[in-house]
Structure formats: structure tokens, C-alpha cells
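# Structure assessment
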Amino acid sequence: MMLEARNVRKSFDGREVLKGIDLGVEKGDVIAILGPSGSGKTTFLRCLNFLERADAGKLTFDGETFDLAAAGRGDIARLRKKTAFVFQNYNLFLNKTVLQNVTLGLTLGAKLKKDAAREIAVEALRRVGMAERLDSYPSQLSGGQQQRVAIARGLAMKPEIIYFDEPTSALDPELIGEVLAVMRSLADEGMTMLVVTHEMDFARNVSNKVMFMEGGTVVESGPSHEFFAQPKEERSRAFIRSILEARK
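Here we summarise the structure given alongside this text. (Residues numbered from 1 in each chain as written. Predicted model: local features only at pLDDT ≥ 70, side-chain atom pairs only at ≥ 80, totals over all residues. Heavy atoms only, no water.)

### A closer look at the environment of leucine 134
In plain terms, the rule: Helical segments are the DSSP runs of H or I of at least four residues, strand segments are the runs of E of at least two, and each set is numbered from the N terminus. For each residue, the accessible area found with a 1.4 Å probe, counting protein chains only, is set against the maximum for its type, and the residue is called buried under 20%, exposed over 50%, and partly exposed in between. Residue contacts are defined here by distance: any two heavy atoms, one from each residue, within 4.5 Å place the two residues in contact.
Topologically, leucine 134 is positioned in the loop between helix 4 (114–127) and helix 5 (143–156). Exposure remark for leucine 134: the relative accessible area of 13% places this residue in the buried category. Note: C-alpha distance between leucine 134 and valine 149 (15 residues apart in sequence) is 9.7 Å. What leucine 134 contacts, discounting residues up to four positions off in sequence, is Thr97, Val98, Leu99, Arg118, Val122 and Leu125.

Below is the structure:
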């Protein structure tokens, strides 16, 4: 098991939004985290990378166990070196070029020299189809292009796993496909990914596992093809029906 989370709990203002979530991730897994708004999906993902501090829970990554409620700065920094996080709204530096956005973490975080950082950054941008826009600023790019730069920034750090928090939710419909195509190519290359998403086609056709959440609990989890073909829980069946009806 590459990553294992156990009994992850989180409350905001006395309201429990994660009620003891468990998850196991094998190397190469692409796990789609599904569920209605407010089910705790994003909070869970953020807790795994210490962007939110969980109230309780254990995370085992590559055989090392972290206390999600009490891990220190050194533990968190060590864990984050193995991960990347792609946000809904790109989180690019608007005053820096595409190349600078990708090299910044390499020069400041990984302490690489400028030439080495540039070489890695250009390759990462090539993988997402953005190598021709090195000198562009975020304001000169479409939303889809900005998100692809954000993915390249994560790839440049050579993570073992990438967390995606609804990476297409801020995009116009015609731009969603280009980002999903990049994610599909990463899946084909064997990248391990946890993806909070409302894109059911991606969940059905690219992910190999699904975790369906509601009300801070895991309603159902398992292989994607089983979840979509024959969901075990009535709430899962209702969720899939609602998605299909919305497309009509």
C-alpha cells in the first residue's frame, strides 16, 4: 500500500464534516472522489496534504506514519516533497511567466540551480502541451492553459502522488476537455492520482477506483466499473441517476 488514511476526522465550528474517513491507495491508482457538494471531499483531500489540519487520523505514506492532528513542520515538509496539489483556481503567480511559475518551486524549494530547474520545467510544460508559452503571463492564457501550467508545476517536483481538487470546476465547458486529456495521459503513464471531481466520464473511463462520499462519510467505494455498472448502495444509485437525468 502506497498511502493509507485511517479515521480522518474534521470539524468546523462544532459541525463534523469528516466522520472517520478511511482510504487505501496503491501505486498507479487513479481514484475519483465523488459526491454532492458539502460532502467533505475537498476537506478530506486538503487534510491529506496538511492544507487543513485534521482533528484526528493517521496517514501512512511509503511506510512512514504521520499523525494528521499533531504532525510537526518537519514531518509535513517531508511528506509534501512526495506530493503535488492542483487547486480549482490554478494558484499561479500573476506577476511571473509560465516558466517562472514552474521553476520557482524547483529553485526555492528543491534548491536546484537555474539551468537545471529550467530543463525540468520545460519538460514538464512539454508534457502538458504548454512548452510554446514559456514567456507568457497567466493573464495571457485561457483558464484551461493556466490549469495545465499548474499541473506542470506539480509534475516538475516529481511527486509520487498528485491531488486534484476539482481541477475543471472553474473552467468554461469548452476548456474542460484539454485539462482532462492531460490527466488521462498522466494516468496512462502510471501517475498515482486522487481526484475530487464532478466529471463522471473521467471517473468512469479513467479512474480505476471510486470513493463516493456524503455527509462526511464514505457511502461506497470500489472499482469504478462496478460502481457505475452495479452500485451497491441505494444512495449511490440515486446519485448516478441524478447525473444521468441532468444530461438529458
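### Considerations on the layout of surface pockets
Quick reminder of the rule: Two kinds of site are reported from a 1 Å grid over the protein atoms alone, namely cavities, where a 1.4 Å probe fits but cannot get out, and pockets, open sets with protein on both sides within 12 Å along at least five of seven lines, and residues are called lining when an atom falls within 4 Å of a point. Grid points are joined across faces, edges and corners, and a volume is the space filled by probe spheres set on the points. All residues other than Ala, Val, Leu, Ile, Met, Phe, Trp, Tyr, Cys, Pro, Asp, Glu, Lys and Arg, Gly among them, are scored as polar; the first ten of these are nonpolar and the last four charged.
Here the largest pocket defines a volume of roughly 660 Å³. Surrounding the largest pocket, 20 residues form its lining, Arg80, Thr83, Ala84, Gly105 and Met157 being those nearest its centre. Sorting the residues of the lining of the largest pocket by element identifies helix 2 (73–80), strand 6 (83–86), helix 3 (98–109) and helix 5 as the ones contributing at least two each. Broken down by element, the residue count for the lining of the largest pocket peaks at six residues, all from helix 3. Looking at the lining of the largest pocket residue by residue, the class counts come to 11 nonpolar, six polar and three charged. Roughly 200 Å³ of volume is contained in the second largest pocket. What lines the second largest pocket is Lys96, Thr97, Leu99, Gln100, Thr103, Leu104, Thr107, Lys114, Asp115, Ala117 and Arg118. For the lining of the second largest pocket, the elements supplying multiple residues, two or more each, are helix 3 and helix 4. For the lining of the second largest pocket, the element with the most residues is helix 3, which contributes five residues.

### As for the packing of aromatic side chains
Selection criterion: Each Phe, Tyr or Trp ring (for Trp, its six-membered ring) is paired with any other whose centre lies within 6.5 Å, and the angle between the two planes then decides the class: stacked below 30 degrees, edge-to-face above 60, tilted in between.
Scanning the entire structure with this criterion turns up five aromatic pairs. An angle of 40 degrees between the planes, with centres 4.7 Å apart, marks the rings of phenylalanine 212 and phenylalanine 239 as tilted. Of this pair, phenylalanine 212 sits in strand 9 (residues 209–214) while phenylalanine 239 sits in helix 9 (residues 234–247), and the two are 27 residues apart along the sequence. Phenylalanine 239 carries the same exposure label as phenylalanine 212, and that label is buried.

### With respect to the sheet that holds strand 8 (residues 192–196)
Spelled out, the test is: For two strands to count as paired, DSSP must find a minimum of two bridges between them. Lines are fitted to the C-alpha atoms to define the axes, a helix being fitted only along its stretch in contact, and any angle between axes, read from their N-to-C directions, falls within 0 to 180 degrees.
The strand order across the open sheet built from six strands is 6-7-8-3-9-10, with neighbouring strands paired in mixed fashion. Only two strands of the sheet have a single partner each, and these edge strands are strand 6 and strand 10 (217–223). In this sheet, neighbouring strand axes are inclined to one another by 15 degrees on average, regardless of whether the strands run parallel or antiparallel. Strand direction decides the pairing type here: strand 9 and strand 10, joined by six bridges, are antiparallel. Directly across from valine 210, in strand 10, lies its bridge partner glycine 222. Those strands touched by helix 5 are strand 6 and strand 7 (161–165), and its axis lies near 170 degrees from that of strand 6.

### Comments concerning the pattern of salt bridges
The condition that has to hold: A pair is scored as a salt bridge if a Lys or Arg side-chain nitrogen falls within 4 Å of a carboxyl oxygen belonging to Asp or Glu.
Counted by the stated rule, this structure contains 15 salt bridges. Residue glutamate 123 pairs with arginine 126 through a salt bridge whose shortest N-O separation is 2.6 Å. Of this pair, glutamate 123 and arginine 126 both sit in helix 4, separated by three residues, roughly a single helical turn.

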